[in-house]
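Read off the chains here:
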Amino acid sequence: MKRAALAVLLPLAGCVVPAADAPPPAPAPAPAAAPRPVAPSTPLPPPRFAVSGMASQGGLMLGTAPTGTVRLLKDGAPIALAADGRFVIAFDRDAGLTSVLTATLSDGRTATHQLSVAPRAWRIERLDRVAKVPVPSADFQRRRPAELAQIEAARSRNEAADGWRQRIIWPVTGRISGLFGAQRIYRGEPGSYHSGVDVARPTGTPVVAPADGVIVLAADSPFTLEGNLLIIDHGMGLNSAFLHLSRIDVSVGARVRQGQVVGAIGATGRVSGPHLHWAMKWRDARIDPLLIAGPMAGSAPD
């Protein structure tokens, strides 16, 4: 009887025995860490060109493209770019008065640089009583196409030369007897302008390379107009041509150094007397050697 009463009283007294395998209470969650402020990104410096030289008709310029440039254009045409970002450009005798360089960078950005091209006043001679040109001879018409093809092939070569980086020097010094860009007007009809600068010296006067380069044409026999013709590729589309030579001292494929003798002045081809006709081109642009090499001390053009 007592045991039964005790069994009834224990639950009524509120005594509860916890189970032996009950889980412990879960810990309180830790407070969330405050978010770290994001540092603002450093803006990239604006891409810049560096150029020097003569931005003028018949002029030549050297430049450095913005860091990271992978493609360079001049007025929409691709320009060769050296591994160090250097390049050369030039302006034809009849170039327009503005030119635009455009660089595409490896990160997708583009940069432009506009050049103002200075116009020049050319020496113009009007001959109102003289016909433009005589009728070409049959021999000239037969030989000329092959000669022009040789010249075009030589100038289209792209040799690995660094003469374009150098300060161009005169291949010979003396009296300047003909200016680049000079032109005659025959009875109102323009003739071809003079494509180089003439230096009058006696036959046999040595001619030197104005800059390092590779010989791309050394005439085996005189051309109809140019006579004994020599062309040096200075690299990156820049080349020099020497006309009317009495002799040529180098052969095609030879590498020459600035100041090295490459031939001698003569009177071969269509000339009125011994002199050197020095012509320079950058790609298809005819440029002024006098403007590039600078005036000769003690010499003034006729």
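The notes below deal with the structure included here. As the structure is a computational prediction, the values presented were derived from the model and not from experiment. Each chain has its residues counted from 1, following the order in which its sequence is written. Only residues with pLDDT of at least 70 get local features here, since the model is predicted, and only at 80 or more are side-chain atom pairs given and counted; chain-wide, interface and lining totals rely on the full set of residues. Water and hydrogen atoms play no part in the side-chain values, which are based on all heavy atoms of the structure.

Our next topic: the side chain of T205. Helix and strand labels come from DSSP, where a helix needs a run of H or I of at least four residues and a strand needs a run of E of at least two; each type is numbered from the N terminus. With respect to the secondary-structure elements, T205 resides in the loop between β12 (197–200) and β13 (206–208). For T205, a relative accessible area of 11% puts it in the buried group. Looking at T205, its side chain comes within polar contact range of the main-chain oxygen of P202, at 2.8 Å. Whether two residues are in contact is decided by their heavy atoms: any pair within 4.5 Å suffices. When near neighbours in sequence (up to four residues on either side) are disregarded, T205 contacts V172, G263, A264 and I265. Exposed residues in this analysis have more than 50% of their type's maximum accessible area, buried residues have under 20%, and partly exposed residues fall in between, with area computed by a 1.4 Å probe over protein chains only. Nitrogen and oxygen atoms within 3.5 Å of one another constitute a polar contact, given that in protein one can donate a hydrogen and the other can accept it, and given that sequence-neighbouring residues count only through two side-chain atoms.

What follows concerns the packing of aromatic side chains. Stacked, tilted and edge-to-face are the three classes applied to pairs of Phe, Tyr and Trp rings, where Trp contributes its six-membered ring and a pair requires centres within 6.5 Å; stacked means planes under 30 degrees apart, edge-to-face means over 60, and tilted covers the rest. For the structure on display, the rule yields 3 aromatic pairs. Aromatic side chains W122 and F180 sit 5.8 Å apart centroid to centroid with 75 degrees between the ring planes, which places their arrangement in the edge-to-face category. Here F180 lies in the loop between β9 (175–178) and β10 (183–186) and W122 lies in the loop between β7 (110–116) and β8 (124–127), a separation of 58 residues in the sequence. On the basis of relative accessible area, F180 is assigned to the buried category, the value being 5%. Centre to centre, the rings of W170 and W278 are 5.5 Å apart; their planes meet at 70 degrees, and the pair counts as edge-to-face. Taken as a pair, W170 in the loop between α2 (138–155) and β9 and W278 in strand β20 (residues 276–282) lie far apart in primary sequence, 108 residues in all. Classification of W170 as buried rests on a relative accessible area of 11%.

The next point concerns the pattern of salt bridges. Pairing between side chains becomes possible if they bear opposite charge and their charged atoms approach one another. Just to be clear on terms, a salt bridge is a Lys or Arg side-chain nitrogen sitting within 4 Å of an Asp or Glu carboxyl oxygen. Under the criterion given, the structure shown has 15 salt bridges. One salt bridge in this structure joins R109 and D107, with 2.8 Å as the shortest N-O distance. The class of R109 is partly exposed, set by a relative accessible area of 29%. For D139, the salt bridge goes to R142, with nearest N and O atoms at 2.6 Å. Note that D139 and R142 are positioned in helix α2 at a spacing of 3 residues, about one turn of the helix. For D139, a relative accessible area of 36% corresponds to the partly exposed category. Here R142 falls in the exposed class, since its relative accessible area comes to 60%.

Throughout this description, the term nonpolar core refers to a set of buried Ala, Val, Leu, Ile, Met, Phe, Trp, Tyr and Cys residues connected via side-chain atoms within 4.5 Å. Formed by 51 residues in total, the largest nonpolar core has its most connected members in I89, W278 and W282. Those residues in contact with W278, other than ones at most four positions away along the chain, are I168, I169, W170, P171, G196, V197, P210, S240, A241, F242, P289 and A293. Membership of the second largest hydrophobic core comes to 11 residues, among which are V216, L217, A219 and F223.

Below, the discussion takes up the sheet that holds strand β19 (residues 261–264). Across the sheet, 3 strands lie side by side as β13-β19-β17; this open sheet has antiparallel pairing. Edge positions in the open sheet fall to β13 and β17 (247–248), since each of these has one partner strand only. Pairing geometry for β17 and β19, over 2 bridges, is antiparallel. Bridging across to β19, R247 finds its partner in A264. Strands are labelled as partners when DSSP assigns at least two bridges between them.

The next subject is α2. For α2, built from 18 residues, the straight-helix expectation of 26 Å at 1.5 Å per residue is met to within 8% by its first-to-last C-alpha distance of 27 Å. Of all the bends in α2, the greatest, near 35 degrees, is centred on R144, and the proline P145 appears no more than four residues after it. Within α2 the residues assigned to the buried category are F140, R144, E147, I151 and A154. Close packing links the buried residues of α2 with β14 (213–218) and β15 (228–235). Here, expected helix span is obtained from the residue count minus one, scaled by 1.5 Å. Bend, at a single residue, is the angle you get between axes fitted to the 7 residues ending at that residue and the 7 residues starting at it.

Before going further, it helps to spend a moment on the pairing of strand β1 (residues 50–53). Alignment of β1 against strand β2 (residues 60–64), held across 4 bridges, turns out to be antiparallel. In the strand pairing of β2, G53 is matched with M61.

Below, the discussion takes up the sheet that holds β1. Spatially, the 3 strands line up as an open sheet ordered β1-β2-β5, and their pairing is antiparallel. The open sheet terminates on both sides in strands that have one partner only, identified here as β1 and β5 (86–90). In this sheet, adjacent strand axes meet at a mean angle of 25 degrees when their direction is disregarded. Bridging between β2 and β5 involves 5 bridges; their strand directions are antiparallel. Within the sheet, the bridge partner assigned to T64 lies in β5 and is R86. The convention used is that axes are lines fitted to C-alpha atoms, helices contributing only their stretch in contact, and that angles between N-to-C directions extend from 0 to 180 degrees.

For the rest of this paragraph, the subject is unusual backbone geometry. Even without glycine at this site, M236 takes up a positive phi of about 60 degrees. Residue position: M236 is located in the loop between β15 and β16 (238–245). Of note, H244 is a non-glycine position whose phi angle comes to about 70 degrees, a positive value. With respect to the helices, strands and loops of the structure, H244 is situated in strand β16. According to the relative accessible area criterion, H244 is buried, its value standing at 5%.

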